[in-house]
Amino acid sequence: MPTAGGLSNSLTGGKEIGCTAVQLFTGSPRQWHHPPLDPEVAAKFRQTQAETGIAVAVAHDSYLINLAAPDPDILDRSRKAFRRELDRSEMLGLPWVVTHMGAHLDSGEEAGIALLIESTRAILEETEGMQVGIAMETTAGQGTGLGYRFEQIARVLEGAGAHPRLGVCLDTCHIFVAGYDIRDEESYQKTFAEFDRLIGLDRLKVIHANDAKKPLGSRVDRHEHLGEGEIGIETFRLLVTDPRLKNIPIIIETPDSETMHAVNLAKLKRLAAGGSLGMRVTVRFFGHYSDFSPDGMEVSVPGGATVASLSAILAEKDGRLAGIERHCRAAVNEEYVAPDAVLQEGDEVAFIPPMSGG
Ligand SMILES: [Zn+2]
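Residues numbered from 1 in each chain as written. Predicted model: local features only at pLDDT ≥ 70, side-chain atom pairs only at ≥ 80, totals over all residues.

**Description of the overall build of the chain**
Line of reasoning, step 1. Scanning the chain from terminus to terminus reveals 11 helices and 14 strands.
Line of reasoning, step 2. Along the first, second and third principal axes, the C-alpha atoms of the chain reach 75 × 50 × 30 Å.
Line of reasoning, step 3. In the chain, buried positions account for 41% of the 358 residues.
Line of reasoning, step 4. Residue pairs at least 24 apart in sequence account for 70% of intrachain contacts in the chain once pairs closer than 6 positions are excluded. (Helix = DSSP H or I, 4+ residues; strand = E, 2+ residues; numbered from the N terminus. Buried ≥ 20, exposed ≤ 12 C-beta atoms within 10 Å, placed from the backbone. Contact = placed C-beta atoms within 7 Å.)

Structure (structure tokens):
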């Protein structure tokens, strides 16, 4: 969630669209230096979290940090910057800082992993006594990035002494483009069994739910709206109904956050509630209702939805639409229908009040 205007705005913005967990940058993600966090800002953040009831907030570290950098200067800068990430998150009361595992930059994977282990050990030692932990994120394996195989993550966890403040963040887009299939129940279960065998599900602390623009094994990291990419909606249904993951925060990191986070979140909630996402229909309003949405709107409805159940979904979105099925005649694809008419994917549903000349 965006932090423009203050870190606590990530919480109020999240609350507005119905989040129960949020992720934020505690500093600008493309800058090395940040002034130390003002204790008043931290206090306001904690107070806002209590007021909004957002259960979990986690941080994502700066994109500049590379804890496996072969250049000693960059490595030193990265460790110091990461230490400050932990300091800020500790002040804010965040349980985890999610970090990409770094890139070896052609020094080789072995050298990269060795440096990463060394960095992690040093940082954990230096911050002993803190509550905040490090969640290593599974990566797409772009370029020389580390952490695209569960084995690599397992080695780092083990190398850093299986520390209790060390966890893992699983990103569905990243593991998929890194080559782990999760598109149906069988492949999903197989991939999670492998994660459990090599890393341990008890180490899984954060999930990033993103669909992928690029295919399985492409190692290209481009996030897509849930259900609209190469992974498909079924995986997200499996994810939000998996009892093993019940208490793990799920973060959406898809494009067009301002307009689309609410839409993607609504999809996850509907899937979690046991509904199928079903299909999209276009709704058009006539008469005085046309003020509500002059150009009509796209609505996701479960498979088997009727005009009446669509009306209930509309009333949920906006109370002014409550009872629209009683106040209007409904037409589907320009034919008048009864409220129990079953909708199909792509239908155009019109609500026409009497005397509107519709
Ligand atoms: Zn991610």
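**Some points on the domain arrangement of the chain**
Line of reasoning, step 1. On domain assignment, one finds that the chain holds domain 1 (9-272) and domain 2 (279-352).
Line of reasoning, step 2. Of note, the centres of domain 1 and domain 2, computed from C-alpha atoms alone, are 39 Å apart. (Domains from an automatic or database assignment.)

**Side note on the sheet that holds strand β10 (residues 279-285)**
As a general point, the strands of a sheet are linked pairwise by backbone hydrogen bonds and lie either parallel or antiparallel.
Line of reasoning, step 1. Within the open sheet, the 5 strands sit side by side as β11-β10-β14-β12-β13. Their pairing is mixed. Because the sheet does not close on itself, it has two edges, and the strands there are β11 (297-301) and β13 (335-337). Strand after strand, the sheet turns through a mean of 35 degrees between neighbouring axes, direction not considered.
Line of reasoning, step 2. Pairing between β10 and β11: 5 bridges, direction antiparallel. Each bridged residue has a counterpart across the sheet, and for Val-281 the counterpart in β11 is Val-299. (Pairing = 2+ DSSP bridges. Axes fitted to C-alpha atoms, helices over the stretch in contact; angles between N-to-C directions.)

**Remarks on helix α2 (residues 39-52)**
Line of reasoning, step 1. With 14 residues, α2 extends 20 Å between its outermost C-alpha atoms, agreeing within 8% with the 20 Å of an ideal straight helix rising 1.5 Å per residue.
Line of reasoning, step 2. Along α2, the residues classified as buried are Phe-45, Gln-49 and Thr-52. For α2, the buried positions fall inside an angular range of 80 degrees around the axis, keeping them on one side. Turned more than 90 degrees off the buried face of α2, the exposed positions are Pro-39, Glu-40, Gln-47, Ala-50 and Glu-51.
Line of reasoning, step 3. Its buried side turned inward, α2 meets α1 (9-16), β2 (56-60) and α3 (72-92).
Line of reasoning, step 4. Where α2 terminates, the next one or two residues include Gly-53, which has phi positive at roughly 70 degrees. (Expected span 1.5 Å × (residues − 1). Arc of directions from axis to C-beta.)

**A word on the packing of α1 against α2**
Line of reasoning, step 1. Between α1 and α2, the least distance of the axes is 9 Å, while the angle of their chain directions is 15 degrees. Considered as vectors, α1 and α2 are oriented roughly parallel to each other. When you trace α1 past α2, the crossing you get is left-handed. Along the contact surface, α1 presents Leu-11, Thr-12 and Lys-15, while α2 presents Thr-48, Gln-49 and Thr-52. (Parallel < 35°, antiparallel > 145°, perpendicular 65-115°, else oblique. Left-handed = near helix turned anticlockwise from the far one by under 90°.)

**Let's talk about unusual backbone geometry**
Line of reasoning, step 1. With phi around 70 degrees, Asp-106 is a residue other than glycine that occupies positive phi space.
Line of reasoning, step 2. For Asp-106, a count of 10 C-beta atoms within 10 Å puts it in the exposed group.
Line of reasoning, step 3. At Asn-333, a residue that is not glycine, the phi angle is positive and equals roughly 50 degrees.
Line of reasoning, step 4. By the secondary structure assignment, Asn-333 is in the loop between β12 (329-332) and β13.
Line of reasoning, step 5. Overall, Asn-333 belongs to the exposed group, with 11 C-beta atoms counted inside 10 Å.

**Some thoughts on α1**
Line of reasoning, step 1. Those residues of α1 that sit buried are Ser-10, Leu-11, Gly-13 and Gly-14. Burial along α1 is one-sided: seen end-on, the buried residues are contained in an arc of 165 degrees.
Line of reasoning, step 2. Looking at the packing, one finds that the buried side of α1 touches β1 (21-24), α2 and β2.
Line of reasoning, step 3. Looking one or two residues beyond α1, the residue adopting positive phi is Gly-18, at roughly 95 degrees.

**Side note on the sheet that holds strand β9 (residues 250-252)**
Line of reasoning, step 1. One open sheet holds the 7 strands; their spatial order is β1-β2-β3-β4-β5-β6-β9, and the pairing between them is parallel. The sheet is open, and its two borders are formed by β1 and β9, each paired with just one other strand. Strand-to-strand twist in this sheet, taken as the mean axis angle between neighbours without regard to direction, amounts to 30 degrees.
Line of reasoning, step 2. Contacts from α3 reach β2 and β3 (96-100) within the one sheet, and its direction differs from that of β3 by about 155 degrees.

**A look at the environment of Ile-153**
Line of reasoning, step 1. Relative to the assigned elements, Ile-153 resides in helix α5 (residues 150-159).
Line of reasoning, step 2. Between the C-alpha atoms of Ile-153 and Met-101, which are 52 residues apart in sequence, the distance is 8.4 Å.
Line of reasoning, step 3. When residues no more than four places from it in sequence are discounted, the contact partners of Ile-153 are Met-136, Thr-138, Gly-147, Val-168 and Ile-199.

**Comments concerning the environment of Gly-232**
Line of reasoning, step 1. Its location among the elements puts Gly-232 in the loop between β8 (223-224) and α8 (233-240).
Line of reasoning, step 2. Between the alpha carbons of Gly-232 and Ile-182 there is a distance of 9.4 Å; along the sequence they are 50 residues apart.

**Quick notes on the environment of Thr-120**
Line of reasoning, step 1. Here Thr-120 lies in helix α4 (residues 109-126).
Line of reasoning, step 2. Sequence separation between Thr-120 and Pro-70 is 50 residues, and the spatial gap between their C-alpha atoms is 15 Å.
Line of reasoning, step 3. Other than its neighbours up to four places away in sequence, Thr-120 contacts Leu-67, Ile-134, Val-156, Ala-160 and Leu-166.

**Examining the packing of α5 against helix α7 (residues 185-198)**
Line of reasoning, step 1. Running from N to C, α5 and α7 cross one another at 25 degrees; their axes reach a closest spacing of 9 Å. The orientation of α5 with respect to α7, classified from their angle, is roughly parallel. At the point where α5 passes α7, the crossing takes the right-handed sense. Here Phe-150, Glu-151 and Ala-154 of α5 lie close against α7, whose contacting residues are Glu-194, Phe-195 and Leu-198.

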